[in-house]
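# Residue-level structure breakdown
The residues making up each chain are set out below.
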Amino acid sequence: MKWLVSACKVFVSIVLGLAGAGVFAWSAGPAQAATRSVLWAAPDGHGAACTSSNPCSPATAQAAVRKIEQGAEPADVTVELRDGTYRLSEPWEFGTADSGSAGHPVVWQAAPGAHPVISGATGVTGWAQVGSTGVWSARVPPHSFSRQLYVDGAEAPIAQATPAALHFADGWVGSAAGYDLSKDAAARGWFAELTPAQLAQVEFDYPGGNGAWTDSKCGVARMSGSTLIMDQPCWTNVTDSAPFSQGTGGLPSMSTSQMPSTIQNAHGLLRTGQWFLDSAENMLYYAPKSGQQMASLDVELPRLETLLQGAGSLTKPLHDITFAGLQFSGATWNDPSSTAGFADVQSNLHRTGANNQGLCTFSTPPGSCPWGALTQPRANVAFTASSHVTITGNRFVDLGGAGLSFMYGGSDNLIEGNEFTQIASTALLLGCTYDPTPTTTPASVIKAGCTPDPKAVAADPVGQNEILNHTTVANNVIHDVGTDYRSACGITLLFSQHTTITHNDLYDLPYTGITAGVIQGHVDDADHPQNSTNVNADNTISNNLIFNVMQVLDDGGAVYMEGHQAQYVYKTDGTIDAEATLAHGLHVTGNVVYNDGSRFNAFYDDAGSEWISFSGNVEFHPLTSLGAQGGCSATGHFWVTGNFFSDNPGSYFCNSPVDSHISDNTTVPASPRPGDIPESMLANAGLTSQYQSLAGGRAEASYVSAPAPVTTGSTTEHVLIAGANFSPSTPVFFGDQRATDVRSVSSGFLIATVPSGADGTDVSVGTYVPRPVITAPKNGTTGLPHTYTVSGTGVPGDTVAAGDNVDKTGCTAVTGADGTWACALTSSSEGQHTLTATQSGKDGATSKPSAGVTVYIGTPPAASRIDDTDPSITYSAWDYSGGRGLGDHNDDLHYAVTNGSNLTFTFIGTGIKVFGEQYTDQGEISVSIDGETPTVVNTVPADGTRHADVAVYTSPTLSAGVHKIVVTKLSGQYATFDGFEIDNPTP
């Protein structure tokens, strides 16, 4: 192992105190008296004795630890890592020789006040501008390969563009080899201009291609005439998945003619904020964003795929070791760049071999066994055959694979108090796809599929000792993962026993929050429950706070389950003992989930799942979904009791389970207010009080209820606020009035009392955020109902006649002789404005206010974008959804679920576009302008992929003047609306 000296750079990191027994809770046996040794290491350490005044390198400290642990007496050894970035040139490896002893773990931790960063990246410097293109380049070390680049701590997108942005035509004709581009001259010409080497770097992305829960990626191989040949085996795996019998959950193939959503990784695609790595020339290119200065940017190019590898054997495990207060960053995962690509099947499990990989004897022809033995993502920090390992107070951030994994016979491991964020794949991966039945699966298969070095474990006897056992995952914060591979779950649990996943916060995720038993149940259901088996038993998912999940893909849930979750216990007469078997099944209890973006179930017991109890959970979902709990083709044996659900339990929309016991559940509103859900249930979900300092980011509200009376008959009201990073001192504002009565229920929930006279619907958390002020147009606009004239540029002294219902901000009232008033401008204010005018007479009589009109004062642009939140839009039976993270304009939109719901908007212009979302759960809308015959628009995309913020309707050219548009939902589960774009008259 080599360590390179790095300049010290401080990162924000969370370091928990390691107070005695709290860290060593998993050490076995009574502690014996031990000598205590403390070593110090630094990024530039050169000392031999590893002292505080002369620290050593981590490699020297590791050698010293091994020597101390070889002594006859137990030793308490702590290595304090000084501040700075520890740049690795190869993985940091820990084996049996690095172990502590029972009750006396070796502790590698941050020194007091330090924030050490373990990095596998190169800091890129020496930038030079490439001509006047706005692109900059820098030389990087030879053999640099990476799928990620981090700029000032944030992942930058690789060079990419949509087919539409490149002016490619639809209608690529697919085949078993790739695409025929003969009907798309623009695409054929673009690809033909690339050299063979450049072409071989191009990659296509297919979100939803292999089912709404997938996001496959395949590379281009070469051009042959007008045919674009795709990489193999990726293309076959994506477009021609082998059929299998008795399937209870579809693993669909993608049409060979499906267009990619984006085209990636070509120098010519570079746009602002994007990057491209020319590995052959050892050059990195970056197009800085507006305001970025290359000389001041921290640009990190990952080079390693593994930062830390802990690996023992079943006979001699790595054991009794703790890592605390460290940050792991700057790693990549390059396998998806191979010709196998990323042929997504589910939850980031993918095919890298034949198209029948993991389909076992059920496929035609028979595939590899065991059933479901798919390839799983590489974890940048990984442990195998490791026991009594504690991972606490660390940050896993800016990583290109999975964050952390444990597999192959690990036992009594603790993962507590860590933050996982900005990770390309899943945060935490527990178990291995190759060991569902270690007592019967060939040992060679398990060793080859579940360990980093099969030769190192060649002598291991494999049986019950290989089961991942007694893992505890507690009080971790997991958010914004799956940044590149969007089918990633927050936590992926494969095969294990006595696993406890409890009191974690999981939010802002593209797919499922926690999954248990991926793929395993796809040949099991009530009619044939034991086609596949596994070792799962005695696992618990409890008291987690899960929200804002399923923000990109679909057909998942907050907690998603498949396959067997218990080992059968039999009575003396040979029948299954249901009570005893359920006691050793999966227990899903005390979890609070809300804002699940899927249209399916929040607690989703899907294909082949069985022996699960759901108790004491909370679910509320302002959007319409199929149910709170249920699935498709489950085997059965479910007990659903004592839950608080806004949607129905027992929602089985395919083959029904053999039994489902539902009782004593409470129905709560889809948008609950204070008192609708017991506060104790909200308080017990998510981080416990000891770890709520982890929620140290900016307070963000994800849900705010309508005001509710504090007591019956009282005029005092309070609201329920849900979100992240709350503390007892988090301020809450109603309008510009700060609430003086705010009760902190937990780091995820507040209850605030509305101050007297304040608007209970105008809520800001953390800092006061004023509502947008809509001012009156400031140029030559008459106050006659439904008559508007706008021209020229507003300057001080111009007036606008209007009624008292128009905001007069920025002007002074001037009363006319006829009883009307006019607004004299005190300053020029160009931009979009809304006017609602009322004509007043001398007798005080007023006509009905006219509809609001949006106008542009000053020299207008060719087109003006109006967001869906603009107050001049009138909605009938539409709801609002914000913070979806799906690419909506301003990250919000309006939606309708009832046919006949409509919206109206009056505007001045020569044309208009209607923006919304296209997706498979939508249908037809009608658009009518000025009362003309409506145009019917189908918003279901032909490629089956979600498209956000797209123009679903474009009007013909209109006469310059005032127009009225009406949009109406006709069919489908949802209609969505994301705003308008108005073509302005030429001045």
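In what follows, the structure referred to is the one given above.
A few points on the structure. In this text, all values refer to a predicted model and were calculated from it rather than measured experimentally. (Residues numbered from 1 in each chain as written. Predicted model: local features only at pLDDT ≥ 70, side-chain atom pairs only at ≥ 80, totals over all residues. Heavy atoms only, no water.)

## Brief notes about the overall build of the protein chain
Helix and strand content of the protein chain: seven helices and 78 strands. Within the protein chain, the proportion of its 987 residues that are buried is 57%. In the protein chain, of all internal contacts separated by at least 6 residues, the share reaching a separation of at least 24 is 73%. Just so you have it, the protein chain exposes about 36300 Å², and 52% of that area is on carbon and sulfur atoms. (Helix = DSSP H or I, 4+ residues; strand = E, 2+ residues; numbered from the N terminus. Buried < 20%, exposed > 50% of the residue type's maximum accessible area, 1.4 Å probe, protein only. Contact = heavy atoms within 4.5 Å. Areas by Shrake-Rupley, 256 points an atom, 1.4 Å probe, with all protein chains shown as cover.)

## What to know about the pairing of strand 35 (residues 469–474)
Counted residue by residue, strand 35 has five buried out of six residues, so it is predominantly covered. Inspection of the sheet shows strand 32 (residues 411–416) paired to strand 35 by five bridges, in the parallel sense. Bridge pairing links Ile415 to Val473 in strand 35. (Pairing = 2+ DSSP bridges.)

## Notes on the sheet that holds strand 40 (residues 514–516)
The strand order 5-23-28-31-34-37-40-43-46-49 describes an open sheet built from 10 strands, whose pairing is parallel. Unpaired on one side and paired on the other, strand 5 (92–94) and strand 49 (627–630) mark the two borders of the sheet. Neighbouring strand axes in the sheet, compared pairwise and without regard to direction, differ in orientation by 10° on average. With five bridges connecting them, strand 28 (residues 379–384) and strand 31 (residues 402–407) associate as parallel partners. Looking at the pairing, Phe383 lines up with Phe406 of strand 31. (Axes fitted to C-alpha atoms, helices over the stretch in contact; angles between N-to-C directions.)

## Observations concerning the nonpolar core
Counting residues in hydrophobic clusters, the biggest one holds 77 residues, and the most contacted among them are Leu81, Trp108, Phe323, Phe383, Phe396, Leu404 and Phe406. The element best represented in this core is strand 3 (residues 75–81), accounting for four residues. When near neighbours in sequence (up to four residues on either side) are disregarded, Leu404 contacts Ala379, Val381, Phe383, Ile391, Phe396, Ile415, Phe420, Ala427, Leu428 and Leu429. Grouped together as the second largest cluster of nonpolar side chains are 34 residues, Val220, Ala266, Leu270 and Met283 included. (Core = buried A, V, L, I, M, F, W, Y, C linked by side-chain atoms within 4.5 Å.)

## Side note on helix 2 (residues 185–192)
Among the residues making up helix 2, those that are buried are Ala187, Trp190 and Phe191. Down the axis, helix 2 shows its buried residues gathered within 90° of arc, on one side only. For helix 2, the exposed residues lying more than 90 degrees away from the buried face are Ala185 and Ala192. At its buried positions, helix 2 is contacted by helix 3 (196–199), strand 16 (203–207), strand 17 (215–224), strand 18 (227–230) and strand 19 (262–264). (Arc of directions from axis to C-beta.)

## Let's talk about helix 5 (residues 443–450)
For helix 5, the full list of buried residues reads Ile446, Lys447 and Cys450. Each buried residue of helix 5 sits inside an arc of 95° when the element is viewed along its axis, so together they form one side. Opposite the buried face of helix 5, at more than 90 degrees from it, the exposed residues are Ser444 and Ala448. Elements in contact with the buried residues of helix 5: strand 28 and strand 31.

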